[in-house]
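# Structure at a glance
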Amino acid sequence: MNLSLISLEIGVALLGVLVLLAGLWTPPHRRSALGFCTALGLTVLLALLVKQGMAIETLTDSSGGFVRDGLAVFFKALFLLAGILVTLLTMGFANRLRTGGAEVYALNCFALCGMLFAASANSFVMLFVAIELITITFYVLTSLQSHRLRSLEAGIKYLILGAAASAVMVFGIALIYGSAHTLQFNLIADGLAAGHMKQLLLFQLGALLLLAGLAFKIAAVPFQIWAPDVYQGAPAPVTAFLAIGSKAAGFVLLLRVLYTAFQVQPDGPRLLEPTAMFSVMAAATIIFGSLCALRQRNLKRLLGYASIASAGYVLLGIVALNERGAAAVLVYLAGYLFAVIAAFTVISILTPEDEDEDLSILANLHKRSPLMALTLTLAVASLAGIPPLAGFLGKFLLLRAVIEPAATFPWLVAVALLGVVASLYYYFGIIREIFWGTGQWWTEKAPETAAIKLADSQVVVLVVCVLGMLAVGLYPQPILEIANAAVQGLGL
Amino acid sequence: MDFLFYIFSALTLLCGALVVFNPFSRNPVTSAMFLVLTIICMSGLFVLLKAFFLAAVQILVYAGAVIVLFLFVIMLLNIKEEERQRFRKFGTFLGAAAVAGLAWILVTTVTSSRAGERSLANNAGETKPLGELLFTNYVLPFEIVSLLLLVAMVGCILLSKTPDTEDTNDIEEETE
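Please read these numbers as outputs of a predicted model, since none were measured by experiment.

Looking now at the overall build of chain A. What chain A contains, in helices and strands, is 19 helices and two strands. In terms of overall size, chain A behaves like a compact globule, its C-alpha atoms giving a radius of gyration of 22 Å where 492 residues would be expected to give roughly 23 Å. Each principal axis of the C-alpha atoms in chain A carries an extent, and together these give about 70 × 55 × 40 Å. The 492 residues of chain A split such that 65% are buried. For chain A, restricting intrachain contacts to residue pairs at least 6 apart in sequence, the fraction spanning at least 24 positions comes to 80%.

Residue and element names in this part refer to chain A. Taken as a whole, the second largest pocket spans an internal volume of roughly 520 Å³. Lining the second largest pocket are 21 residues, with F74, A77, L81, I479 and I482 sitting closest to its centre. Contributions of two or more residues to the lining of the second largest pocket are made by α2 (31–52), α3 (70–93), α13 (323–350), α18 (456–474) and α19 (477–486). Of all the elements, α3 adds the most residues to the lining of the second largest pocket, at five residues. Class assignment for the residues of the lining of the second largest pocket results in 19 nonpolar, two polar and no charged.

Turning next to the packing of aromatic side chains. Using the criterion set out here, one finds 19 aromatic pairs over all chains in the structure. In this arrangement the basic side chain of K395 of chain A is found over the ring face of Y313 of chain A, its NZ or CZ atom lying 4.5 Å from the centre.

Right, let's talk about unusual backbone geometry for a bit. Residue and element names in this part refer to chain A. The amide bond that connects V221 to the next residue, P222, takes the cis arrangement and shows omega of 5 degrees. Turning to its location among the elements, P222 is positioned in the loop between α8 (200–218) and α9 (227–233). Look at the link from P387 to P388: it is a cis peptide, with omega at 10 degrees. Its place among the elements puts P388 in the loop between α15 (370–384) and α16 (390–403). The backbone phi angle of A219 is positive, close to 60 degrees, even though this residue is not glycine. One can find A219 in the loop between α8 and α9. What makes A219 buried here is its relative accessible area of 0%. Phi angles above zero are rare outside glycine, and L321 is one such case at about 55 degrees. The topology assignment puts L321 in the loop between α12 (299–319) and α13.

Where charged atoms from two side chains of opposite charge come close, those side chains can pair. Residue and element names in this part refer to chain A. Enumeration according to the criterion identifies six salt bridges over all chains in this entry. A salt bridge links D69 to R256; the shortest N-O distance between them is 3.0 Å. Note that D69 is positioned in the loop between β2 (67–68) and α3 and R256 in helix α10 (residues 236–261), a separation of 187 residues in sequence. With a relative accessible area of 4%, D69 lands in the buried category. Residue classification places R256 among the buried positions, given a relative accessible area of 2%. With its nearest N and O atoms 3.1 Å apart, the salt bridge here joins D229 to K157. Linking D229 in helix α9 with K157 in helix α6 (residues 149–180), this pair joins segments that are 72 residues apart in sequence. Through salt bridges that share partners, E153, K157, D229 and R301 make up one connected network.

All names here are of chain A. Tallying each qualifying case throughout the model produces six cavities of 30 Å³ or more. Of the pockets and cavities examined, the largest cavity occupies roughly 90 Å³. Looking at the largest cavity, it is lined by 14 residues, and the ones nearest its centre are F93, R96, R148, T351 and E357. Counted by class, the lining of the largest cavity contains five nonpolar, three polar and six charged residues.

So, about the nonpolar core. Counting 200 residues, the largest nonpolar core has F75, F124 and F262 of chain A as its most contacted members. With 22 residues, the single largest contributor to this core is α13 of chain A. Membership of the second largest hydrophobic core comes to seven residues, among which are A32, A63, I67 and I74 of chain B.

Further remarks concern a nonpolar patch on the surface. A contiguous nonpolar surface patch, about 740 Å² in accessible area, is contributed by V68, L69, F70, F72, V73, L76 and L77 of chain B. In this fold, L77 of chain B is placed in helix α3 (residues 52–77).

If you walk through the whole model with that rule in mind, you get zero disulfides over all chains. Take C15 of chain B: it sits in no disulfide, and the sulfur closest to it among the cysteines is that of C41 of chain B, at 4.7 Å.

Here the focus is the side chain of S246 of chain A. All names here are of chain A. Among the structural elements, S246 can be located in helix α10. With a relative accessible area of 1%, S246 lands in the buried category. Engagement of the side chain of S246 in a polar contact is seen with the side chain of K217, the distance being 3.4 Å. Every residue in contact with S246, bar those within four places of it in the chain, is listed here: M115, I134, F138, Y158, K217 and F241.

For the rest of this paragraph, the subject is the side chain of S382 of chain A. Residue and element names in this part refer to chain A. Relative to the assigned elements, S382 resides in helix α15. Owing to a relative accessible area of 1%, S382 belongs among the buried residues under this scheme. Other than its neighbours up to four places away in sequence, S382 contacts A339, L389, A390, G391, F392 and M469.

About the thresholds
- Residues numbered from 1 in each chain as written.
- Chains lettered and ligands numbered in written order.
- Predicted model: local features only at pLDDT ≥ 70, side-chain atom pairs only at ≥ 80, totals over all residues.
- Heavy atoms only, no water.
- Helix = DSSP H or I, 4+ residues; strand = E, 2+ residues; numbered from the N terminus.
- Rg over C-alpha atoms; globule rule 2.2 N^0.38 Å.
- Buried < 20%, exposed > 50% of the residue type's maximum accessible area, 1.4 Å probe, protein only.
- Contact = heavy atoms within 4.5 Å.
- 1 Å grid on protein atoms, 1.4 Å probe; cavity = no way out; pocket = protein on both sides within 12 Å on 5 of 7 lines; lining within 4 Å.
- Points joined across faces, edges and corners; volume = space filled by probe spheres on them.
- Nonpolar A, V, L, I, M, F, W, Y, C, P; charged D, E, K, R; others polar.
- Phe/Tyr/Trp six-rings, centres within 6.5 Å; stacked < 30°, edge-to-face > 60°.
- Lys NZ or Arg CZ within 6 Å of the ring centre and 35° of its normal.
- Salt bridge = Lys/Arg side-chain N within 4 Å of Asp/Glu carboxyl O.
- Core = buried A, V, L, I, M, F, W, Y, C linked by side-chain atoms within 4.5 Å.
- Patch = residues over 30% accessible without salt bridge, like charges linked within 9 Å, V, L, I, M, F, W, Y side chains within 5 Å.
- Areas by Shrake-Rupley, 256 points an atom, 1.4 Å probe, with all protein chains shown as cover.
- Disulfide = S-S within 2.5 Å.
- Polar contact = N/O pair within 3.5 Å; in protein donor to acceptor, adjacent residues only side chain to side chain.

Listed below in structure tokens is the structure:
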């Protein structure tokens, strides 16, 4: 076992354990120092990762279950960045948590550790263990505000549905092992290529169940049912981490399983009819997310439905089944990171302690805090795909991936464009509420006008997110190159 | 040995079905007891595969510890609600249809495929080879599982802790 290969993961796990221990001796009013130390530690790890650079050469450990290639490094950097921002965001939120003010940082680290392993998973054992580490940590994080009924409800729902999804996935893995006699992605691919697979039908059934488990992680229709409730009930920083981290982990695993293990190609052997399956799934996901978001007034629930719709757009990159589509997935997720974290930062600051996140809390935001109004406007515009922000680049690349070689699915493109139009409606509802909202018009209560004072950590998160969205959108060359290099190792 | 496999798997399926769909009783305790039977039959299957360690663990951990926990929870919570609930006809129909569909897929797949070509190595399921595998090839996932258990433990303590006492305790300790 080559320990230097997994030094990053060991670092994050150690950091988590250290924070957990330090939390025992930290008095409550000094807890934000813990968050600061965690963020600092993660930043150092990110710096080390970036310094090593996008390792193009592929390194695997002795058993072949762990791989470190361009794709893994890209997603590791993405997850670490998300982890840092979420930790900073949690610092401003920790006073709302009645228990676990210190443990929440450790749990964030453990979830992050699971994501880092997911980015490198090259066998089904590693895939399952990484997913379970992420999901079980999120069960706890979701129900962390245990004095709020909604938080508990979300936790229970996530636990039950997530456990069912895991069971389905593990059954799928068992069937795959039964027919392929190996759990390692490369060996499965070899077996498929050589035509050794005797029980191809059984293998396909296993693959189908496995993909169902992964679709649950990315909240794609018909496995989306948990997303709105969990997004609404979980504490805002947790929702942010769930929206980017857990979803991106699902996508990196999906990419690896499809391209490295199953070797699906447009003109390859007919396995599972991936193009048809994923195009139907993408279209259904976009339609469901967009329609449900249209009339939604709860801000977190609205973003929950919007995240379902955006999972549908990311699936477009997988429908394409080529390198360009995979690279588009990476670029989209990079832009999505900044937009989603920016939006949830604003929500976490604005939401009153015991009320719902109704759209009316946004009224007068441009007077109360210009920075937050600017950030939320940019974030929402980026999510809607307005140029020149990061979200536009991602959506454009995803659509181009489906259209360009040959418009195989005109109806899919039409659905995606309709979804974009619908998203303009519900995202601009948010912007309208910021600048022209009249607060709770049904109670005739005048909207708040008191200025909001932001903590330093919150300002840092907001500024980083704004810069990130603008940088990816205005100067896309580096991220495009990185993404293109990262997908080289997928075997497309 | 073949007939033993069929007996055990039929019993597993039957008991498993009785856990969730028992026409004679809606008592959760009965369901839990059928779960014990399911697990015992499954450990029989493991024995047939010469995976003695797994068979023993199955009995010790699942039939022993986990089910006892289930029973504790059921009896402590005193769940009567479930017993009174009638079967919903529409739900039962949908569920039966889904199960029948899945069963059809499974049966067609299993019958259309030949038995595995490779036979298991004779001692693959014994404790020593299992341990060797766990500490060589699968050492990384094995260690990640330990992290997972840590998270589960921290989570349990966090969620079951009463919220308000924590901070005051800390302040008291400081003043002392």
